[in-house]
Amino acid sequence: MCAMTRDVVTPPREVLDAFELASVPLERATSGLINPTWYVRARSGAELVLQQLNPIFPAEVNLDIEAVTRHLAAKGLLTPTLVASRFGKLWFEHDGVVWRLLTRITGITRDALESPAQAREAGRVLAEFHRAVADLEHEFGTRRLGVHDTARHLRTLRDTLRECRAHRDFEAVRPLGERVLAVAAELPPLPATFDRIVHGDPKISNVMFDALGRSALCLIDLDTLARMPVALELGDALRSWCNPATEDAADARFVRPFYAAAVEGYAAAARGLLAREEWDAIADGTLTITVELAARFCADALRERYFRWDARRYASASAHNQARTSAQLKIAETLQAELPALRALTARAFGG
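Structure report, in brief. (Residues numbered from 1 in each chain as written. Predicted model: local features only at pLDDT ≥ 70, side-chain atom pairs only at ≥ 80, totals over all residues. Heavy atoms only, no water.)

This paragraph deals with the pattern of salt bridges. Tallied over the full model, the rule gives 29 salt bridges. For the salt bridge of Arg100 with Asp223, the shortest nitrogen-to-oxygen distance reads 2.6 Å. In this pair, Arg100 is assigned in strand β6 (residues 97-103) and Asp223 in the loop between β9 (216-219) and β10 (226-228), connecting sequence segments 123 residues apart. Each member of the pair Arg100 and Asp223 is classed as buried. Residue Arg313 is joined to Asp310 by a salt bridge in which the shortest nitrogen-to-oxygen separation is 3.1 Å. (Salt bridge = Lys/Arg side-chain N within 4 Å of Asp/Glu carboxyl O. Helix = DSSP H or I, 4+ residues; strand = E, 2+ residues; numbered from the N terminus. Buried < 20%, exposed > 50% of the residue type's maximum accessible area, 1.4 Å probe, protein only.)

If you want it as C-alpha cells, here you go:
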C-alpha cells in the first residue's frame, strides 16, 4: 500500500481523568512531526505537556525516557520528566492509544535558527547532554535498530520508486528520488566508531531555548534515545541547525558560519569527550544524514504514512514531503561542495 493516513485523537475525558488534568485549556502544539502534543494544566494548577504516542513507538519507550531523564536530573541538567498517572504508571492506554504526561519546560522552541550565537548554544547543550549520559549504564528496552542505516533507507527509496508508480504524484516525486540517489552515490564512507548514548533526533525544534531565544536550556522529545556513533547524532543536528530556513522551505540552505559556531560550542562543552576519529567524521556525517533524511522524506511522499504534515499549507502529505525532500537536497548539494572547508573548521574547533 502506497498511501495511508493517521488519525489524530483529541484527548478524551478518560485520559484527562487518568492524569488528573483540567478539561481546559487544551492547546494543541503546532511543532513536531511524530507525536500529537497538547499543552495542558493539572487540576492542581501545574502546567504540563500531554502527548499521544505515535504507534511507531512501543509504550515501553517511556521506561528508557525515565531512566535517562532521572540520570540527567541527578547530574543537575534541566530536562522534561514523565508524570505518572493516578494509577502509578508512566503511561495510560485508552482505546488502543498510548498517552503520557510530562513536565513542561518554560521556554520556546524554534523551527530554524537566526544566528551563529544560537547555533553555538545548541552545540553547547547537546555536548552537555552527551557528557552527562556518558557514564549511564542502561540497556535500552526499545532499540532503534537501523535508524541511521543509510544504505537501508536508500534501498527503501529505490523500492518505493519501483512499487508506487500508480501514486497520483509519482511523476513529481520520481525526479526528486533520482536526485537523492545521485547525491548518495558520492557519499564518503564513515569510519567505524563505538556507540554512545545519544538523543537520536537533535533537530533544532528539539532544543528548548529561554523565552528570549538566546540561551539553550535542554533537549526535548526523547522517544529516540539510543546508542549510535556520535558523528551521526551530530550530523543530524547540524543538517538542521545550519539551515536558517525551515526544513521544508524553498529557500533552505546550508550556512557555514552556523556550522562553525555550533561545532565550536560543542567542542568547548565536550572538553575532550570525543576521540579524534569521532570528531573527524562530523562533517561527513552531516552530509550523510542530510541525504538519508532526503531519502526518507522522498519515500514518504509516496507512502504517506510516517511524517506528520501541515494541512494548512499543503494539499497532501505527499506535497509536504516533496517540499521537505527538495529542501534537504539543496542543503546536501551545498554540503557536498563545502566538505573540505567544513572538515578544516571541525579540526580547528577540536584542536586537531
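And the narrative resumes.
All right, on to the packing of aromatic side chains then. Taken as a whole and judged by the stated rule, the model has eight aromatic pairs. Relative to Phe92, the ring of Phe19 has its centre 6.5 Å away and its plane inclined at 80°; by these criteria the two rings are edge-to-face. Of the two residues, Phe19 sits in the loop between α1 (13-18) and β1 (27-28) while Phe92 sits in strand β5 (residues 92-94), which places them 73 residues apart along the sequence. Phe19 gets classed as buried once you look at its relative accessible area, which sits at 5%. Of the residues examined, Phe92 reaches a relative accessible area of 16% and is grouped as buried. (Phe/Tyr/Trp six-rings, centres within 6.5 Å; stacked < 30°, edge-to-face > 60°.)

Further remarks concern helix α3 (residues 116-133). Taking 1.5 Å of rise per residue, the 18 residues of α3 would be expected to cover 26 Å, and the 26 Å separating its terminal C-alpha atoms lies within 8% of that figure. Turning to α3, the residues buried within the fold contact α2 (61-74), β7 (196-198), β8 (207-209), β9, α6 (230-241) and α7 (256-270). (Expected span 1.5 Å × (residues − 1). Contact = heavy atoms within 4.5 Å.)

Before going further, it helps to spend a moment on the side chain of Arg239. Topologically, Arg239 is positioned in helix α6. Ignoring sequence-local partners within four residues, the contact set of Arg239 consists of Lys203, Glu247, Thr286, Ile289, Thr290, Leu293, Gln328 and Ile331.

As a further point, take the pairing of strand β2 (residues 37-41). Where β1 lies against β2, two bridges are found, and the strand directions are antiparallel. Note on β2: the bridge partner recorded for Arg28 is Trp38. Bridge count between β2 and strand β3 (residues 47-52): five bridges; the pairing is antiparallel. Residue pairing for β3: Trp38 is matched across the bridge by Leu50. (Pairing = 2+ DSSP bridges.)

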